[in-house]
Amino acid sequence: MKLKTLLATLAASAVIAFTAPVMQAVADDDPGPAAYEAAMKGKRVALVPLAMGFDLAQGWSAILKREVEGFGGTFETRDPNWSTEAGAQAITELISSENKPDVLIVMAFDLNSYSKLLKKAQAEGIYVILIDNPANFKADAYVGGDWTKLGMLEAEAVMKGCGEGSSKKIGLVQGDEVNATSLYQYAGIMKVLDQHKDFQVVAKPDSNWDATTSRNVTATMLQQNPDICGIIDFWDGDASGAAAAIRDAGKQDKIFLVTTGGGEETNTCANVGNGTFDAVVSTELYNESEAMVAMVKYLLQSGQPPGTASPYIYTLMSTVTKDNLNPRSCWSLKGLQAAAEAK
Amino acid sequence: MAGGSSHGFWSQERIVLALAVALFAVAAIFLPGFRDIGNLISIVHSVSVLGLLAVGMAIVIIGRGIDLSAVAIMAMSAAWYLQLLNDGWSEWQALGAAGAGVLVIGLVNGFLVAYAEVPAIFATLATGSFVFGFVRSRLITQDAVPVPPGNWLEQLGGFQPLGIPPEVFIFGGACFVAYLFLRFTKWGRYVYYMGDNLLAARNMGIPVRPMNLLRYVISAFIALAAGLLTASSLHSMNTRIVNSTLLYDIILVVVIGGIGLSGGKGGMRNVIVGAVLIGIMQNAMTIIDIPNLYQNLIKATILLIAIVIDSLVNPRDEQTAQQGDI
């Protein structure tokens with residue numbers, strides 16, 4: 001037995017000893033690493049989300065930081081804290097700073113307010129990647145959700161939640177009237193509902209993305225239409241309000257609440273688990289962030305001037321419900337941050 | 001005498017009350033389901049936290065001043081309290097810490113106004129920004145902090161005798177206590193004297209500086225209560241509310257109810273009338289399904305109408321003209 005192991009070990013080391021120099025020679029000839037390093041080293045990547053205080057932004061930032069620092073670049077973030085003016089100022093400052101970023105990753109507040117600024121950034125030789133919120137602007141890539149599709153998934157989830165024997169009355173709690181995520185989400189929902197004429201939208205108030213407003217309009221909606229079987233709230237940041245109104249009315253079992261979110265475990269999965277939300281159409285953070293990373297790496301090596309092409313890199317979305325809830329349904333912000341600190 | 005009644009019959013409070021009654025009547029006739037007892041409860045519920053904050057604001061404004069840090073204190077104190085609970089602090093430690101923080105901010109506001117003699121509008125604007133920035137960057141990790149499962153706040157939110165949510169009782173109770181304070185205590189009367197004429201009040205020997213401290217501390221604690229109530233209803237506290245129009249809505253309730261920004265007049269009745277008017281308007285507009293942008297426009301127009309009618313019916317007197325507002 002022992003002799004056998006010894007022989008096997010000897011044989012293995014012999015194989016390694018003979019082949020290692022050969023592999024070394026191949027690696028020397030690979031032009032990849034040198035080209036990669038030349039294109040990437042010292043490059044600056046800046047992320048400007050709507051705010052740094054919500055799950056997705058913190059998730060993107062953690063993954064981007066690791067990757068950018070991994071190729072020897074510098075990564076920085078700006079926190080507009082939900083203010084369009086502060087965001088515009090941050091972008092202006094980044095564009096005009098001495099140490100311009102090479103890639104600007106921006107989450108736009110609405111369809112138009114950043115468009116001019118981002119064009120200016122491209123004119124200054126900065127690649128612009130739009131994330132998660134679409135805008136009227138030819139970015140070097142859009143990475144994020146297809147919000148029309150997201151609305152369609154929500155509509156399908158709410159129809160399934162209501163079921164055939166129900167009143168088929170649905171309420172919408174929209175965000176606002178300017179944000180692309182709200183407009184496209186609505187369009188997607190209506191696209192599906194137009195094909196299912198038996199389902200009917202009975203009210204569609206705005207929450208202005210505020211939980212208290214969401215609660216108040218949902219309470220009114222339920223007063224007016226006590227037989228509603230499902231509600232779609234356009235964001236999990238304010239859907240806690242719609243959930244509160246449903247709870248106050250004692251209708252948790254009768255109303256199917258659908259919303260959308262970033263898929264963070266203490267947020268999405270915890271709330272699906274405890275019944276606050278019945279279904280959450282959620283973003284696959286890792287896939288989305290890796291797509292951003294891939295675009296950064298591609299653009300920096302492409303040699304093309306900014307504004308050459310504007311592909312849409314849509315991330316697949318999944319609908320998390322109590323039935324399909326599993327340990328991989330969500331990602332953990334705590335885990336991500338702990339992993340970053342451990343390095 | 002304090003109160004709108006010194007202005008003849010059509011005081012602003014009565015104009016607004018008439019407006020509210022008229023709106024209510026129109027809505028009750030034309031809007032289906034508006035008169036339902038459930039809908040009436042939800043109208044009051046929807047403005048309870050707003051009204052509670054307006055009680056604190058009214059006490060500050062009547063004594064001549066303004067507290068622009070109220071919403072920041074409300075959101076950030078509750079969020080910090082929840083964060084401490086989530087970090088494993090015990091109930092009393094967390095509540096004690098949040099209470100101490102709120103006390104300090106109230107004292108700082110009062111000190112800046114009373115002793116450093118910084119105009120209230122600037123002092124509280126600055127402390128509000130400071131509270132938001134400090135708590136958001138140093139003490140909590142995310143915009144929204146959830147209520148830990150099984151916490152008393154969850155149970156409070158679920159405690160609804162007769163289908164009436166706890167906010168309604170607490171708003172009502174706060175109005176009553178504030179009414180007793182303003183009408184029947186020495187300190188309450190001082191608030192009116194100070195608001196009416198600060199120099200005269202000081203010459204009379206009223207401790208105007210400690211009284212200023214007291215008002216801002218009361219306002220800060222009411223804000224904490226409003227934050228905890230919001231958290232109990234929504235099962236989380238989202239600090240984004242600091243960027244919302246809530247602060248202006250509070251001032252709207254106070255002003256529209258007829259408590260002049262120049263101080264010295266008005267009372268809890270005005271707060272209730274103002275809050276109820278806003279509640280009826282918002283509820284009716286939601287039932288009709290008016291988009292948000294137009295809701296704001298309509299709210300602003302009604303405020304303007306109330307102010308214009310007030311200035312026509314009740315021309316400003318010499319004293320206010322000399323002192324100016326705020």
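The rules behind each value
- Residues numbered from 1 in each chain as written.
- Chains lettered and ligands numbered in written order.
- Predicted model: local features only at pLDDT ≥ 70, side-chain atom pairs only at ≥ 80, totals over all residues.
- Helix = DSSP H or I, 4+ residues; strand = E, 2+ residues; numbered from the N terminus.
- Rg over C-alpha atoms; globule rule 2.2 N^0.38 Å.
- Buried ≥ 20, exposed ≤ 12 C-beta atoms within 10 Å, placed from the backbone.
- Contact = placed C-beta atoms within 7 Å.
- Axes fitted to C-alpha atoms, helices over the stretch in contact; angles between N-to-C directions.
- Parallel < 35°, antiparallel > 145°, perpendicular 65-115°, else oblique.
- Left-handed = near helix turned anticlockwise from the far one by under 90°.
- Expected span 1.5 Å × (residues − 1).
- Pairing = 2+ DSSP bridges.
- Core = buried A, V, L, I, M, F, W, Y, C linked by C-beta atoms within 7 Å.
- Nonpolar A, V, L, I, M, F, W, Y, C, P; charged D, E, K, R; others polar.
- pLDDT = per-residue confidence, 0-100.
- Right-handed = clockwise from strand over helix to strand, strands pointing away.
- Bend = angle between axes of the 7 residues up to and from the residue.

### A look at the overall build of chain B
Item 1. Each helix and strand counted, chain B has 14 helices and 2 strands in total.
Item 2. The C-alpha atoms of chain B give a radius of gyration of 20 Å, which matches the 20 Å a tight globule of 326 residues would have.
Item 3. Referenced to the eigenvectors of the C-alpha coordinate spread, the extents of chain B come out at roughly 60 × 55 × 35 Å.
Item 4. For chain B, buried positions account for 52% of its 326 residues.
Item 5. By sequence separation, contacts in chain B at least 24 residues apart represent 80% of the contacts at least 6 residues apart.

### Some details on the overall build of chain A
Item 1. The helix and strand tally for chain A stands at 12 helices and 12 strands.
Item 2. Referenced to the eigenvectors of the C-alpha coordinate spread, the extents of chain A come out at roughly 80 × 65 × 35 Å.
Item 3. When contacts within chain A are restricted to residue pairs at least 6 apart in sequence, those whose partners lie at least 24 apart make up 75%.

### Some words on the packing of helix 2 (residues 37–62) of chain B against helix 12 (residues 268–288) of chain B
Residues and elements named next belong to chain B.
Item 1. Two elements in contact, helix 2 and helix 12, have axes separated by 8 Å at closest approach and are oriented at 140 degrees. Taken together, the axes of helix 2 and helix 12 lie oblique to each other. Between helix 2 and helix 12 the crossing geometry is right-handed. Every residue of helix 12 that contacts helix 2 at Asn-39, Ile-43, Val-44, Ser-46, Val-47, Leu-50, Gly-51, Ala-54, Val-55 and Ala-58 is listed here: Met-268, Val-271, Gly-274, Ala-275, Ile-278, Gly-279, Ile-280, Gln-282 and Asn-283.

### A word on helix 6 (residues 147–162) of chain A
All names here are of chain A.
Item 1. Spanning 16 residues, helix 6 covers 22 Å between terminal C-alpha atoms, matching the ideal 22 Å at 1.5 Å per step.
Item 2. All of the buried residues in helix 6 are Trp-147, Leu-150, Gly-151, Met-152, Leu-153, Glu-154, Ala-155, Ala-157, Val-158 and Met-159.
Item 3. On its buried face, helix 6 sits against strand 6 (169–173), helix 7 (180–194), strand 8 (230–233), strand 9 (256–261), strand 10 (279–283) and strand 12 (317–321).
Item 4. Positive backbone phi, approximately 85 degrees, marks Gly-163, located one or two places after helix 6.

### Let's talk about the sheet that holds strand 7 (residues 200–203) of chain A
All names here are of chain A.
Item 1. The strand order 7-6-8-9-10-12 describes an open sheet built from 6 strands, whose pairing is mixed. With one partner strand each, in any of the chains shown, strand 7 and strand 12 form the two edges of the open sheet. Going across the sheet, the axis of each strand differs from the next one's by a mean of 25 degrees, ignoring polarity.
Item 2. Inspection of the sheet shows strand 6 paired to strand 8 by 4 bridges, in the parallel sense. By the bridge assignment, Leu-172 is partnered in strand 8 with Ile-232.

### Description of the interface of chain A and chain B
Item 1. Facing the 28 residues of chain A at the interface are 32 residues of chain B.
Item 2. Broken down by secondary-structure element, the contributors of at least two residues to the side of chain A that touches chain B are helix 8 (211–224) and helix 9 (236–248) of chain A.
Item 3. Take the side of chain A that touches chain B: its biggest share by element is 9 residues, from helix 8 of chain A.

### Some words on the sheet that holds strand 3 (residues 103–106) of chain A
Residue and element names in this part refer to chain A.
Item 1. Spatially, 6 strands are ordered 2-1-3-4-5-11 in an open sheet, and the strand pairing comes out parallel. Either end of the sheet is taken by a strand with one partner, and the two such strands are strand 2 (74–77) and strand 11 (312–314). Going from strand to strand, the sheet's axes swing by 20 degrees on average, the running direction of each strand aside.
Item 2. Two elements, strand 1 (residues 44–48) and strand 2, share 4 bridges in a ladder whose sense is parallel. Pairing of Arg-44 across the sheet is with Thr-74, part of strand 2.
Item 3. Strands strand 1 and strand 3 of the sheet are contacted by helix 4 (residues 84–96), whose axis makes an angle of about 170 degrees with strand 1.
Item 4. Its contacts with the sheet place helix 11 (residues 285–302) against strand 1, strand 3, strand 4 (127–131), strand 5 (141–144) and strand 11, and it is angled at close to 165 degrees to strand 5.

### Notes on the nonpolar core
Item 1. Counting 204 residues, the largest nonpolar core has A:Ile129 and B:Leu53 as its most contacted members.
Item 2. In contact with A:Ile129, not counting residues within four places along its chain, are A:Val103, A:Ile105, A:Ala139, A:Asp140, A:Ala141, A:Val143, A:Met292 and A:Met295.

### As for the packing of helix 1 (residues 12–30) of chain B against helix 12 of chain B
All names here are of chain B.
Item 1. Here helix 1 crosses helix 12 at 30 degrees, and the two axes come no closer than 9 Å. Considered as vectors, helix 1 and helix 12 are oriented roughly parallel to each other. Classified by chirality, the crossing of helix 12 by helix 1 is left-handed. Of the residues in helix 12, those in contact with Glu-13, Val-16, Leu-17, Leu-19, Ala-20, Leu-23, Phe-24 and Ala-27 of helix 1 are Arg-269, Asn-270, Val-273, Gly-274, Val-276, Leu-277, Ile-280, Met-281 and Ala-284.
Item 2. Its residues assigned to classes, the contact of helix 1 with helix 12 shows 13 nonpolar, 2 polar and 2 charged.

### Here we look at unusual backbone geometry
Item 1. At A:Trp82, a residue that is not glycine, the phi angle is positive and equals roughly 65 degrees.
Item 2. Relative to the elements of secondary structure, A:Trp82 occurs in the loop between strand 2 and helix 4.
Item 3. The phi dihedral of B:Glu117 is positive, around 55 degrees, even though this residue is not glycine.

### Some remarks on the confidence of the model for chain A
Item 1. Considering every residue of chain A, the mean pLDDT works out to 89; 92% of them sit at 70 or more.
Item 2. No element of chain A has a lower mean pLDDT than helix 1 (residues 2–29) of chain A, at 58, and none a higher one than strand 8 of chain A, at 96.

### Some thoughts on the environment of A:Gly241
Item 1. With respect to the helices and strands, the residue A:Gly241 is situated in helix 9.
Item 2. Separated by 111 residues in sequence, A:Gly241 and A:Leu130 place their C-alpha atoms 29 Å apart.
Item 3. When near neighbours in sequence (up to four residues on either side) are disregarded, A:Gly241 contacts A:Ser207, A:Ala211, A:Thr212, A:Thr213, A:Ser214, A:Arg215, A:Thr218 and B:Leu234.

### Some thoughts on the confidence of the model for chain B
Residues and elements named next belong to chain B.
Item 1. In the predicted model, chain B carries a mean pLDDT of 89, and 94% of its residues have values of at least 70.
Item 2. Ignoring residues within four places in sequence, the model shows residues 1–6, a span with pLDDT below 50, making 15 contacts including any to other chains.
Item 3. What the predictor reports for the complex is a pTM of 0.85 with an ipTM of 0.86.

### Quick look at the environment of B:Gly88
Item 1. One can find B:Gly88 in the loop between helix 3 (70–86) and helix 4 (91–114).
Item 2. Expressed as a C-alpha distance, the spacing of B:Gly88 and B:Pro148, which sit 60 residues apart in the sequence, is 9.9 Å.

### Observations regarding the pairing of strand 8 of chain A
Item 1. Residues A:Gly230 and A:Ile232 point to one face of strand 8 of chain A and A:Ile231 and A:Asp233 to the other, with burial holding for every one of them.
Item 2. In this fold, strand 8 of chain A hands off to helix 9 of chain A, which returns the chain to strand 9 of chain A; that crossover is right-handed.

### Some points on helix 2 of chain B
Residues and elements named next belong to chain B.
Item 1. Ser-48 marks the point of greatest bend in helix 2, at about 45 degrees.
Item 2. Here helix 2 lies mainly inside the structure; 22 of its 26 residues are buried.
Item 3. Arg-64 sits one or two positions beyond helix 2 and adopts a positive phi of about 65 degrees.

### Some remarks on the pairing of strand 4 of chain A
It is a general feature of regular strands that their side chains alternate between the two faces of the sheet.
Residues and elements named next belong to chain A.
Item 1. Counting buried residues along strand 4, 5 of its 5 residues qualify, which places the element largely inside the surrounding structure.
Item 2. Residues Tyr-127, Ile-129 and Ile-131 point to one face of strand 4 and Val-128 and Leu-130 to the other, with burial holding for every one of them.
Item 3. Looking at chain direction, strand 3 and strand 4 are connected through 4 bridges and run parallel. The residue bridging Val-106 from the neighbouring strand is Leu-130, located in strand 4.

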